[in-house]
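An overview of the molecular structure
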Amino acid sequence: MRLFVSESPLLEVHGLSKRFRVRSGTDRSATIVAVEDLDFALEHGGALAIVGESGSGKTTTARMVIGLEVPSAGSIRLDGRPLESSPSRRERRRRAREIQIVFQNPYLSLDPRQSASEAVEEIVRFHFGLAPSAARDRALEMLTWVGLGPKEAQARPRQLSGGQCQRIAIARALAAEPRLVVLDEAVSALDVSVQAQILNLLGDLRVRTGIAYLFISHDLGVVRQIADDVVVMYRGRAVERGRVEEVLDRPAHPYTQKLVSSIPQPGVVIPSAPVAREDPDDGCRFRARCPFVFDRCLDEPGLIAAGPGHEARCWLLATGQSDASPPAESDIAEVRI
Amino acid sequence: MTQALLALKAVSTWIEVDGGAKPILIDVSFEIGRGEIVGLVGESGSGKSMTARTIVRSLPEGGRSSGAILLDGEDLASMSVPALRQVRARKVGVIFQDPRSAVDPLWKIEDHLTEGMRVHAGRSRDEARVEAIGLLEQVGIHDGPRRLSQYPVQLSGGLLQRVVIAGALAGNPELIIADEPTTSLDVTTQAEIVAIFSALRRDRGIGMLFITHDLALAASLCDRILVMYAGRIVDAQSRDGIFSRPGHPYTRALVGARPSAGTRGERLAVIPGVPTSASDAPGGCAFHPRCAFAAEMCKSQIPALMPIDGGASACLRIVDIRETLRV
Amino acid sequence: MPKTAIFGVAVIVGFVIVAALAPLIAPYDPSAIDLSSAFAGPSAAHPLGQDGAGRDILSRLVFGARLSLLGPLLVVLLATLVGVPLGIAAGYAGGWLDGLLSRSFDVVFAFPALLLAAVIVATFGPGFGTIVIAVAVIYVPLMARVVRAGAIVESHKPYVDALKVQGFGALRICAAHIGPNLTTLIVGQTALYFGYALLDLAGLSFLGFGVQPPTPDWGSMLWYANQQVYVAPSAVVPPAAAIVLSVVAFNLAGDWLSDLASRSGRR
């Protein structure tokens, strides 16, 4: 177990932005804002979840942290040290010893021609210069850490299940001995019963190694299980953040409330909202879908305190407006069938 | 007793491969009443999607099925292809998981929606257009004229799935079969689509077979839930029953494995092993290698669906288990 | 193994043996001239007849197998050795490199193959080496384009991202990961190209650009026989039949190989 006596957080992101220039038929050079002005911090050994739906920018954020995308603005700091936005190969190699990633698709994130052992050996040899036999031993050791035996170690991805492939991906990520692993929807493609196994594994590994997780997900149930803190993103912006229980039990932002209420409950169906007009490009990006919209929403709010360590980007929280608690049951008009 | 809208009796499906038959579904029987929404829940290999394909007789190369599939009393399994086509156009609407592969990307939305109307029901172009706008209203799209002239690529996944649902409604079906209709959509969109289905049942009395891997999702919408494992139905419960007194150990385990079911920081109750398909199933009860309650007899005997306590479960030890857990 | 593939492979093996053991199999010296028997038809001593210079056609066919099979082999080798790396580079790198390479390929494709070959022959003079190069010039971009498409698909898979994250260089990723994953594709292509290259080379020889007499080669035999087709029509048949047979054999064997390879690649 690693112990860190450190003042600065392990990972700190300030003003992170990513804009894509898109050249499509009619729109000559439209700009797509994937991520705008994002701040968050992850403590050593902590677990932070970034939650959002499609278009939220959560995957782009993960890719910027890992160095696969170049930020348009903002900084990423590891242990207080800023990371280069366009890392050279040598810089990437150094960074790989600190930050690793597990992707969503268990099969496509492994080289189909490599056995499980070969995939892990390659990492180990590259980062630690071990001789082939030593590398093989280390690879087998890592694979047992993730619950795979010698038989699976010789197998290729297509001979294994999704859950087993994801275990290989986790072993490969851990092989470089990083301090942070980014998990980009790492359990979303797995069956429910297998998801549970992998979540347990991740929890155990964290206890065992003191590693930190940056968990990207759209699934609030999974987030509740594995994360300590959460950042909710909508259209590239952080709209709420705080401790996981706080945000999920007492969501302050109307979008978070919508997310939470969308979790299926037995016998409860929320009446369908008419299909929204396109989201606006200014002011509060959520206002076209927000049940509480009022005139102030034409200006984009900053992050406003909703409780200790809990903030949301919503004018409702500014003093003098209505209170921040989620609407009463009668307001949502649940339909019990 | 009114006749069931859809009744499957001892339906089995297999794929003929050189040198034998690979089983997919084994002895599946259930009914859907008029205006009833029945959920079919299972993981990979359970056979849930193949059930849908068997009903509409859209099996892959080498697929065969046996047993009766009665829609309003008529056996779909023994119908001729032209007759089947009529049925698929008028009585049954089908919705699949990926809306983008259900629509021709080169066709405008209007063409997609009105093709059936003009070909099967002989409507004129203008009549069909008006009907199409009406269908879009029903799925919550109120700027119909604008959407009709758009192409699928211009619509988001959620919007496109609504269009697909509108298309399924075009023939005024009595039954909708939806195979994982919300799996590729955002969770907020999913909630909206589920609401549309609920409204369709309430306003138009449309019955539905809702196929999903998400037990909680099924419970939010469906009146009854059937759980499938390795090609068989292993549990049939009402919506309330599935969480309060799940019968089959597999259902129980599924309920326990959901991340939201656990308490933060504690390990989730896990089902060891991986879900199996009918062709890979071991002898006896297919679930026995993973079952916490497995006994000697479970290795050799195949359990049949037994009615118990308002539901039905296919488990040899169901009575013992219930007594032990005092459910 | 399907019957067609068995046939294909058998024919290929047969021809290769014939080519290798040519001195032992051929009844006569393929260059032995006997002007008194010019254009003689098939006879007991010369089962396939004699050509315009009295040379035994059967012996020329047997010896001709050597160049006729070596040619396509060299073309395919060149296409693979040059085309595959170019294709992978273009597919993986994208951007300006891809633009440059793809446009270069397009330039080659813009020329009718025959015209290109004619230019090369005019520059370097006719001969075996020249036509091999001329045909290879066409097949390199062909292979590169197909490999590029495969490389693009592979490059977008998350495992490549995972490798980049480690700090692996582009060369290592392409050579150790993307290339090996494209072997299915490449093998399928080489099998296909063998037959067509044989045809192309024979065609060029037929036009007089290739191997010059007295060196035996099926394509140039066809050219020679064609010159004298009114005098000795039967002389056209043996080389034509050999060419057709081998192209069919390579296509059949190649189809089977591609099938095999793609089936093993699929889950």
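What this report covers is the structure whose coordinates are included nearby. Being a predicted model, the structure only gives us computed values, none of them experimental.

We now examine the overall build of chain C. A tally of regular secondary structure across chain C gives eleven helices and zero strands. Of the regular secondary structure in chain C, the N- to C-terminal order runs α-α-α-α-α-α-α-α-α-α-α. In terms of its C-alpha atoms, chain C occupies a principal-axis envelope of roughly 75 × 45 × 25 Å. By the burial criterion, 46% of the 267 residues in chain C qualify as buried. Taking the intrachain contacts of chain C between residues at least 6 apart in sequence as the baseline, contacts between residues at least 24 apart amount to 70%.

A few words now on the sheet that holds strand S12 (residues 304-307) of chain A. Residue and element names in this part refer to chain A. Spatially, S6-S7-S8-S3-S9-S10-S13-S12 is the arrangement adopted by the eight strands of the open sheet, whose pairing is mixed. Only two strands of the sheet have a single partner each, and these edge strands are strand S6 (99-102) and S12. Strand-to-strand twist in this sheet, taken as the mean axis angle between neighbours without regard to direction, amounts to 20 degrees. Here strand S3 (residues 47-51) pairs with strand S9 (residues 229-234) via four bridges, running parallel. Its bridge partner lying in S9, Val51 is registered against Val232. The strands that helix H6 (residues 162-175) touches are S6 and strand S7 (180-184); relative to S6, the one it contacts most, it runs at about 175 degrees.

On to the interface of chain A and chain C. Contact with chain A, which involves 19 residues of that partner, is made by 14 residues of chain C. Broken down by secondary-structure element, the contributors of at least two residues to the side of chain A that touches chain C are helix H2 (89-96) and helix H3 (116-128) of chain A. When residues of the side of chain A that touches chain C are assigned to their parent elements, the largest contribution, four residues, is made by H2(A).

It is worth spelling out the packing of H6(A) against helix H7 (residues 192-209) of chain A at this point. Residues and elements named next belong to chain A. For the pair H6 and H7, the least separation of the axes is 10 Å and the interaxial angle reads 20 degrees. Judged by the inter-axis angle, H6 sits roughly parallel to H7. Seen from above, H6 lies across H7 with right-handed handedness. Side by side, H6 and H7 meet where Gly162, Gly163 and Gln166 of the first sit next to Val194, Gln197 and Ile198 of the second. Taken together, the residues that form the contact of H6 with H7 break down as two nonpolar, four polar and no charged.

It is worth spelling out the nonpolar core at this point. In this structure, A:Phe215 and B:Phe210 are the most contacted members of the largest nonpolar core, which totals 269 residues. The dominant element in this core, judged by the number of residues it contributes, is helix H3 (residues 57-93) of chain C, at 16 residues. Residue-level mapping places this core at the junction of two domains, with at least three residues from each of domain 1 (45-65 + 87-233) and domain 2 (250-336) of chain A. Setting aside its immediate chain neighbours within four residues, A:Phe215 contacts A:Ala47, A:Leu48, A:Ala49, A:Leu183, A:Val223, A:Ile226 and A:Ala227.

Okay, the interface of chain B and chain A next. With 40 residues of chain B in contact, the opposing surface of chain A contributes 36 residues. Secondary-structure elements contributing two or more residues to the side of chain B that touches chain A are helix H8 (187-204), helix H9 (215-221), helix H10 (239-244) and helix H11 (249-257) of chain B. For the side of chain B that touches chain A, the element with the most residues is H8(B), which contributes ten residues. For the side of chain B that touches chain A, the residue count by class is 22 nonpolar, ten polar and eight charged.

Moving on, we get to helix H7 (residues 157-169) of chain B. Here H7(B) contains 13 residues, and its C-alpha end-to-end distance of 18 Å stays within 8% of the 18 Å for a straight helix at 1.5 Å per residue. Here the buried face of H7(B) lies against strand S6 (92-95), helix H3 (99-102), helix H4 (109-120), helix H5 (125-138), strand S7 (175-179) and H8 of chain B.

Further remarks concern the packing of helix H5 (residues 113-124) of chain C against helix H6 (residues 128-155) of chain C. Helix-helix packing is described using two parameters, namely the angle between the two axes and the distance between the axes. Residue and element names in this part refer to chain C. As a packed pair, H5 and H6 sit with axes 9 Å apart at the nearest point and diverge in direction by 145 degrees. The two elements H5 and H6 meet at a crossing, and its hand is right-handed. Along the contact surface, H5 presents Ala113, Leu116, Ala117, Ile120, Val121 and Phe124, while H6 presents Thr130, Ile131, Ile133, Ala134, Val137 and Ile138. Split into classes, the residues belonging to the contact of H5 with H6 amount to eleven nonpolar, one polar and no charged.

Between chains A and B lies the most contact-rich interface of the two pairs of chains that touch. Left apart from each other, chain B and chain C have a closest C-alpha approach of 15 Å.

Taking 1.5 Å per residue as the helical rise, H8(B) with its 18 residues ought to reach 26 Å, and the 25 Å between its terminal C-alpha atoms agrees with that figure. Of all the residues in H8(B), the buried ones are B:Thr189, B:Gln190, B:Ala191, B:Glu192, B:Ile193, B:Val194, B:Ile196, B:Phe197, B:Ser198 and B:Leu200. Packing partners of the buried residues in H8(B) comprise strand S11 (268-269) of chain A together with H7, strand S8 (207-212) and H9 of chain B. B:Gly205, located one to two residues past H8(B), shows a positive phi value of around 60 degrees.

Residue and element names in this part refer to chain B. When you line up the elements, Ala278 lands in the loop between H11 and strand S11 (306-308). Given 23 C-beta atoms within a 10 Å radius, Ala278 is considered buried. Spatially, the C-alpha atom of Ala278 lies 7.3 Å from that of Ser46, the residues being 232 residues apart in sequence. Excluding residues within four positions of it along the chain, Ala278 makes contact with Pro23, Ile24, Leu25, Ile26, Gly47, Ala230 and Gly231.

For the rest of this paragraph, the subject is unusual backbone geometry. Phi at A:Asp37 takes a positive value of approximately 55 degrees, unusual for a residue other than glycine. Within the element layout of this structure, A:Asp37 appears in strand S2 (residues 30-42). The backbone phi angle of B:Glu180 is positive, close to 50 degrees, even though this residue is not glycine. Along the polypeptide, B:Glu180 turns up in the loop between S7 and H8.

The rules behind the values
- Residues numbered from 1 in each chain as written.
- Chains lettered and ligands numbered in written order.
- Predicted model: local features only at pLDDT ≥ 70, side-chain atom pairs only at ≥ 80, totals over all residues.
- Helix = DSSP H or I, 4+ residues; strand = E, 2+ residues; numbered from the N terminus.
- Buried ≥ 20, exposed ≤ 12 C-beta atoms within 10 Å, placed from the backbone.
- Contact = placed C-beta atoms within 7 Å.
- Pairing = 2+ DSSP bridges.
- Axes fitted to C-alpha atoms, helices over the stretch in contact; angles between N-to-C directions.
- Parallel < 35°, antiparallel > 145°, perpendicular 65-115°, else oblique.
- Left-handed = near helix turned anticlockwise from the far one by under 90°.
- Nonpolar A, V, L, I, M, F, W, Y, C, P; charged D, E, K, R; others polar.
- Core = buried A, V, L, I, M, F, W, Y, C linked by C-beta atoms within 7 Å.
- Domains from an automatic or database assignment.
- Expected span 1.5 Å × (residues − 1).

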